[in-house]
Amino acid sequence: MNTVAAILLAIGVSFLISFLLGFVVIPFLRKLHFGQTILEIGPAWHKSKQGTPTMGGFMFIISTVVSFAAVILGDYLLGGNLFASGSFIPESIKVKLLSGIIMALGFGIIGFADDYIKVVKKRNLGLTITQKSVAQIVLMLAYLGSLYMSGNTYMSIPFVGNVDLGWFFWLFGMAVIYATVNAVNFTDGVDGLCSSVTSVAAIAFIIAAALKGLFGVSILAGALLGGCLGYLIWNWNPSKVMMGDTGSMFLGGMVVALAYMIDCPLIILCFGIIYVLEMLSDVLQIGYFKATHGKRIFKMAPIHHHFEMCGWKEKKIVIVFSFVNLLGCAVGLALFYYGVIR
C-alpha cells in the first residue's frame with residue numbers, strides 16, 4: 001500500500017469510527033447517567049454543562065486503535081506487510097510503538113477509574129492525588145522499562161545529535177511523561193480545546209515521522225488525528241459530550257508515545273506549546289498565590305479560564321489556542337528538520 005494512501009486511510013477510517021460512535025456512545029452514557037460534574041471553583045457559566053455525558057474519550061480511543069490495526073491488517077490482506085516492513089516500522093521502533101500504545105491505553109484506564117468514581121460514586125474529585133500518582137508512576141516505570149530493555153535510552157536533541165541519557169533516562173522520562181499527561185488533562189477545560197490542540201499536534205507528528213521515514217508512526221498519528229476530528233464534531237461548543245479524564249489522559253499518553261517514537265521527546269515543548277502554557281500558568285498561579293498570601297497573576301488558572309474571565313467566548317479560545325499551537329508546531333518541525341534530519 002502506498003504510504004500516503006495508508007496515512008489518509010488511517011485518518012479517514014478513524015474519523016468515521018469516532019464520529020459514528022457518537023450516535024451510540026452519547027445516548028448510552030446518558031442512559032447510564034454518566035454526566036459531567038462541574039466543580040464550584042470553575043467559571044459560574046460552566047454550570048450549564050452540568051450533566052453533559054462524559055467519558056466520550058472512548059470514541060477516539062477506540063477509533064485510534066481500531067483504525068491503526070485496520071490499516072495494517074488491510075495492507076496485509078492486500079499482499080503487503082507494513083508492520084513487518086523495515087521501511088515503515090523499523091525494528092528499533094516496534095517496541096516504542098507497541099509499548100507506547102499500551103501506555104496510552106493504560107493512562108486511559110486510569111482516567112476511566114477517575115471518571116467512574118466521579119460520576120458513579122459521586123466523589124467530585126475522583127481518585128485521590130496519591131492513588132492517581134501511584135498508578136501513573138507504575139505505568140511510567142513499565143513503559144520506560146520496556147524502552148530500557150530494548151536499548152532505547154537515547155534521544156535526539158536538535159543540533160546536538162543522538163545522546164544516550166544513561167541513568168538520567170529514568171528521571172527525564174518520568175518527568176516528561178508525568179508533566180505531559182497532566183498538562184494535556186489541564187487543557188481539557190473548554191469545549192473542543194483539547195481535541196483541537198491535539199489534532200494540530202497529531203498533524204505535526206505525521207510530518208515529523210514521515211521526514212524520518214517512520215511511516216508506521218505517521219499512520220498511528222493519522223489515526224489519532226482522525227479520531228480527534230470525529231470526536232470534535234460532537235465536542236464543538238456547545239458540547240454534546242466531554243472526553244473526561246478517560247480521553248485526556250489517553251491523549252497525553254499518545255503525545256508522549258509519539259514523541260518517543262521519533263526519538264525526540266523534547267519536541268513536545270513545541271508540538272504541545274499550549275499544553276506547556278496551560279501547565280505553566282497553573283504552576284505560576286499556585287506558586288504566586290502562596291508566596292503573596294492570596295494574590296493572583298491570572299483571573300483564573302489554567303490560562304484558558306483566564307481568557308474566559310476576560311470575556312472570550314469558548315470558540316474564540318479554541319481557535320486562537322489552536323493557531324498558537326500551530327505556530328509552535330511550525331517551529332518544532334523546523335527544528336526537527338534542520339536540527340535532526342539534516
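K.L.:
Looking at this structure, how should I read the overall build of the protein?
P.N.:
In terms of helices and strands, the protein carries twelve helices and two strands. The C-alpha atoms of the protein give 19 Å as radius of gyration, which agrees with the globular expectation for 342 residues (20 Å, within 12%). Structurally, the protein occupies a C-alpha span of about 55 × 45 × 35 Å along its principal axes. Expressed as a percentage of the 342 residues in the protein, the buried residues total 52%. Looking at the protein as shown, the accessible area adds up to about 14800 Å², and 72% of this sits on carbon and sulfur atoms. Charged side chains in the protein number 21 positive and 14 negative. The centres of these two groups are separated by 7 Å.

K.L.:
Any chance you could explain the nonpolar core here in plain terms?
P.N.:
Nonpolar side chains tend to gather and get buried jointly when the protein is soluble and globular. Ranked by size, the top nonpolar core spans 92 residues in total, and within it F107, I177, F205, L251, L258, I262 and F271 carry the most contacts. Residues contacting F107, with those up to four places away along its chain left out, are Q136, L139, M140, I177, V181, M249, F250 and G253.

K.L.:
Looking at this structure, how should I read the pairing of strand 1 (residues 154-157)?
P.N.:
Pairing analysis gives four bridges linking strand 1 to strand 2 (residues 161-164), with the strands arranged antiparallel. Opposite S156, over in strand 2, you have N162 as the bridge partner. A loop of three residues connects strand 1 with strand 2, the two strands running antiparallel in sequence, and F159 in this loop sits at a positive phi of about 70°.

K.L.:
I tried to follow helix 5 (residues 168-187) on my own but got confused; where do I start?
P.N.:
Quick reminder: α-helices carry 3.6 residues per turn. Residues three or four places apart thus point the same way. Over its 20 residues, helix 5 runs 28 Å from end to end, which matches the ideal 28 Å to within 8%, given 1.5 Å per residue. Listing the buried residues of helix 5 in full gives F169, F172, G173, V176, I177, T180, V181, N182, A183, V184, N185 and T187.

K.L.:
Any chance you could explain unusual backbone geometry here in plain terms?
P.N.:
In most cases, non-glycine residues show a negative phi, while peptide bonds are predominantly trans. In this structure, the amide linkage connecting N237 to the following residue, P238, adopts the cis form with an omega of 0°. Locating P238 in the fold gives a position in the loop between helix 7 (215-235) and helix 8 (244-261). A cis amide bond, omega 0°, links A301 with the succeeding residue P302. Examined against the element boundaries, P302 turns out to sit in the loop between helix 10 (273-291) and helix 11 (303-309). A positive phi angle is found at H293, which is not glycine, with a value near 60°. Locating H293 in the fold gives a position in the loop between helix 10 and helix 11. For H293, a relative accessible area of 74% puts it in the exposed group.

K.L.:
Whenever I open this one, helix 10 confuses me. Can you help?
P.N.:
Compared with the 27 Å implied by 1.5 Å per residue over 19 residues, the 26 Å span of helix 10 between its first and last C-alpha is a close match. Among the residues making up helix 10, those that are buried are I274, Y275, E278, S281, D282 and Q285. Seen from one end, helix 10 has its buried residues packed into an arc of 135°, which puts them on one side. Set apart from the buried face of helix 10 by more than 90 degrees, the exposed residues are K290 and A291. The elements touched by buried residues of helix 10 are helix 5, helix 6 (193-211), helix 8, helix 11 and helix 12 (314-341). In the segment just after helix 10, H293 is the residue with positive phi, at about 60°.

K.L.:
Would you mind going over the pattern of salt bridges with me for this structure?
P.N.:
A side chain of one charge can pair with a side chain of the opposite charge when the charged atoms of the two come close. For the structure shown, the criterion picks out six salt bridges. Residue K118 pairs with D245 through a salt bridge whose shortest N-O separation is 3.5 Å. Note that K118 is positioned in helix 3 (residues 91-119) and D245 in helix 8, a separation of 127 residues in sequence. D245 shares its class with K118; the two are buried. Bridged by salt links that share partners, the residues D114, K118, K132 and D245 form one connected network.

K.L.:
Explain the environment of G56 to me, please; I cannot follow it from the model alone.
P.N.:
Inspection of the secondary structure assignment puts G56 in the loop between helix 1 (3-31) and helix 2 (58-77). Classification of G56 as buried rests on a relative accessible area of 0%. For G56 and N235, which are 179 residues apart along the polypeptide, the C-alpha to C-alpha distance reads 8.9 Å. Each residue touching G56, except ones within four places of it in the same chain, is listed here: L29, Y231, V241, M242 and M243.

K.L.:
Just to check I follow, could you spell out the packing of aromatic side chains for this structure?
P.N.:
Pairs of aromatic rings are described using the distance from one ring centre to the other and the angle between the two planes. Under the defined criterion, the tally for this structure stands at 18 aromatic pairs. Judged by centre distance (5.4 Å) and plane angle (80°), the rings of F19 and F23 are edge-to-face. Taken together, the residues span about one helical turn, with F19 and F23 both in helix 1 at a distance of four residues. The exposure class assigned to F19 is partly exposed, which follows from its relative accessible area of 22%. Where Y337 meets Y338, the ring centres are 4.9 Å apart and the plane angle is 85°; that geometry is what we call edge-to-face. By relative accessible area, Y337 is classed as partly exposed at 29%. Ring pairs connect the aromatic residues F15, F19, F23 and W234, which therefore count as one cluster. In this structure, K96 packs its charged tip against the face of Y154, placed 5.0 Å from the ring centre.

Rules used in this analysis
Residues numbered from 1 in each chain as written. Predicted model: local features only at pLDDT ≥ 70, side-chain atom pairs only at ≥ 80, totals over all residues. Heavy atoms only, no water. Helix = DSSP H or I, 4+ residues; strand = E, 2+ residues; numbered from the N terminus. Rg over C-alpha atoms; globule rule 2.2 N^0.38 Å. Buried < 20%, exposed > 50% of the residue type's maximum accessible area, 1.4 Å probe, protein only. Areas by Shrake-Rupley, 256 points an atom, 1.4 Å probe, with all protein chains shown as cover. Lys, Arg positive; Asp, Glu negative; His and termini not counted. Charge placed at Lys NZ, Arg CZ, Asp CG, Glu CD. Core = buried A, V, L, I, M, F, W, Y, C linked by side-chain atoms within 4.5 Å. Contact = heavy atoms within 4.5 Å. Pairing = 2+ DSSP bridges. Expected span 1.5 Å × (residues − 1). Arc of directions from axis to C-beta. Salt bridge = Lys/Arg side-chain N within 4 Å of Asp/Glu carboxyl O. Phe/Tyr/Trp six-rings, centres within 6.5 Å; stacked < 30°, edge-to-face > 60°. Lys NZ or Arg CZ within 6 Å of the ring centre and 35° of its normal.

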